[in-house]
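Listed here are the chains, written in short residue letters.
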Amino acid sequence: MRTTNRSTPSWLGDVILAKAPDIIVLVEYKADHQQPQQFEEELSDQFWLRKYNGARDSTNQNRFGNGILIGLRKALFKEPDESEVTWQADNIAEQPNWLAIDAQLLNGQRIKIVGVRVRVGSGYIKKDLIARKAQLKWLFDTQNATKQIIIGDVNYGPHRDEYKAELALNWPDIIKLAQTAWQSPDLQPYSPQGTSWKNRTLDWIFTNGVQVQQTSPYNALDWSFGNYNTQPYLDGYLVPDGYFICSDPSNPDHAIFTVEVAIH
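Residues numbered from 1 in each chain as written. Predicted model: local features only at pLDDT ≥ 70, side-chain atom pairs only at ≥ 80, totals over all residues. Heavy atoms only, no water.

### Structural notes on the overall build of the protein
Quick note on the threshold: By the criteria applied, helices consist of DSSP H or I runs no shorter than four residues and strands consist of E runs no shorter than two, each listed in order from the N terminus. Per-residue accessibility, obtained with a 1.4 Å probe over protein chains only, is compared with the maximum for each type, and a residue is labelled buried under 20%, exposed over 50%, and partly exposed between these values.
Helix and strand content of the protein: 5 helices and 17 strands. Classification of the 264 residues of the protein by burial places 51% in the buried group.

### With respect to the pattern of salt bridges
For clarity, the threshold we go by: Basic side-chain nitrogens of Lys or Arg form a salt bridge, by our definition, when they fall within 4 Å of a carboxyl oxygen of Asp or Glu.
If you walk through the whole model with that rule in mind, you get 10 salt bridges. With a shortest N-O distance of 2.7 Å, D128 and R132 are connected by a salt bridge. Taken together, the residues span about one helical turn, with D128 and R132 both in helix 3 (residues 126-142) at a distance of 4 residues. A single burial state applies to D128 and to R132, both of which are buried. Across the salt bridge formed by K133 and D173, the nearest N and O atoms sit 3.2 Å from each other. Of this pair, K133 sits in helix 3 while D173 sits in helix 5 (residues 171-182), and the two are 40 residues apart along the sequence.

### Remarks on the pairing of strand 7 (residues 97-104)
For the record, the criterion: Between any two strands, pairing holds if DSSP finds at least two bridges.
Strand 7 sits mainly inside the fold: 7 of its 8 residues count as buried. Alignment of strand 6 (residues 85-87) against strand 7, held across 3 bridges, turns out to be antiparallel. Bridge assignment links V85 to a residue of strand 7, and that residue is I101. Relative to strand 8 (residues 110-117), strand 7 runs antiparallel, the two sharing 8 bridges. Of the residues in strand 8, the one forming a bridge with I101 is I113.

### Some details on the environment of V118
To keep things clear, this is the line we draw: Residues count as neighbours in contact if any of their non-hydrogen atoms are within 4.5 Å of one another.
Tracing the sequence through the fold places V118 in the loop between strand 8 and helix 3. With 52 residues separating them along the chain, V118 and N66 place their C-alpha atoms 9.9 Å apart. Excluding anything up to four places from it in sequence, V118 contacts P96, R132, Q135, L136, D153, V154 and N155.

### Here's the deal with unusual backbone geometry
Phi at A20 is positive, roughly 50°, even though this residue is not glycine. Residue position: A20 is located in the loop between helix 1 (12-18) and strand 1 (23-29).

### Regarding the sheet that holds strand 1
Keep this limit in mind: Angular values range over 0 to 180 degrees, each being the angle between N-to-C directions of two axes fitted as lines to C-alpha atoms, with helices fitted over their stretch in contact.
One open sheet accounts for 3 strands, arranged 1-5-2; its pairing is antiparallel. Bordering the open sheet on either side are strand 1 and strand 2 (47-52), each of which pairs with just one other strand. Put simply, the sheet's adjacent strands are angled 15° from each other on average, direction ignored. Direction of pairing for strand 2 relative to strand 5 (residues 67-73): antiparallel, over a ladder of 6 bridges. Pairing of L49 across the sheet is with G71, part of strand 5. The sheet strands contacting helix 2 (residues 37-44) are strand 1, strand 2 and strand 5, and the helix crosses strand 2 at an angle near 140°.

### Quick word on the side chain of H254
Inspection of the secondary structure assignment puts H254 in the loop between strand 15 (244-246) and strand 16 (256-258). On the basis of relative accessible area, H254 is assigned to the buried category, the value being 13%. Every residue in contact with H254, bar those within four places of it in the chain, is listed here: D153, S196, W197, L202, D203, W223 and F225.

### Observations regarding helix 5
Put simply, the rule is: Expected helix span is taken as 1.5 Å per residue step, with the number of steps being one fewer than the number of residues. Any pair of nitrogen or oxygen atoms within 3.5 Å is treated as a polar contact; in protein, a donor-acceptor pairing is required on top of that, and neighbouring residues in sequence qualify only through side-chain atoms on both sides.
Between the first and last C-alpha of helix 5 there are 17 Å, a value that for 12 residues agrees with the 16 Å anticipated at 1.5 Å per step. For helix 5, the buried fraction is high: 9 of the 12 residues fall into the buried class. Residues W171, D173, I174, I175, L177, A178, Q179, A181 and W182 constitute the buried set of helix 5. Those residues of helix 5 that are buried are in contact with helix 3, strand 9 (148-153), strand 10 (189-190) and strand 11 (203-208). Here helix 5 starts with a cap whose side-chain oxygen sits 3.0 Å from the backbone nitrogen of D173, and that cap is N170. Phi turns positive one or two residues past the end of helix 5, at Q183, with a value near 50°.

### Some points on helix 3
The terminal C-alpha atoms of helix 3, which comprises 17 residues, lie 24 Å apart, in line with the 24 Å expected from a rise of 1.5 Å per residue. Within helix 3 the residues assigned to the buried category are D128, L129, R132, Q135, L136, W138, L139 and F140.

### Structural notes on the sheet that holds strand 7
With mixed pairing, the 6 strands of this open sheet are ordered in space as 6-7-8-9-11-10. For this open sheet the edge positions go to strand 6 and strand 10, each flanked by a neighbour on one side alone. In the packing of helix 3 onto the sheet, contacts are made with strand 7, strand 8, strand 9 and strand 11, and the angle to strand 8 comes to roughly 170°. In the packing of helix 5 onto the sheet, contacts are made with strand 9, strand 10 and strand 11, and the angle to strand 11 comes to roughly 30°.

So this is what it looks like as structure tokens:
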């Protein structure tokens, strides 16, 4: 999605359903501002939907951070009950935006699914980067299960390696955080070839007890929804794939990340 308060584009549900996913994770989801009733109804025929709409202040007026929506295909998953769904309840600085479902497949297997967006500050300054690392550390330390995927916008990627001399904060360091949390030295983040935001790759999947099928043709960072952007003279940007992504009107501003995994 994106971090504005504009309505959900009418075509987004069709684009998602055309990819025939078994699990849907949308980050930066603002259900109360985006008038999403039609969008959610379109998905709810096939998916169990659970959403988190951001922690609020004491007056219940202002929201901190961005919401997340997860959909589980009804033909594969049991309906999650209340005890199986957790989220970022408070505006805690060390936590990213997150929503987790301890999901159960119809065959009885369980897999924990965590949608995440690491919150960012006012720029790529030292304080902001340290805060991003703290959020990732909290995520990897607390959200772990025997079979699990964490997927979403971690607002970090290999292009951040230029900061390592100053902060000891680089992509191998982020991998080590995850390996330490899950005690899995073979754990690696995965993202398909391409870019997920402008010319960078910020969106990743981290798996435990779940195998990414790295040669699957389903794996992609897909910008083709840019075909719906018919007014390139408005605010926005070009991506390396050649599509113009509108900032106003507020269409999604990250590539659609699809990935095939195997649960053993």
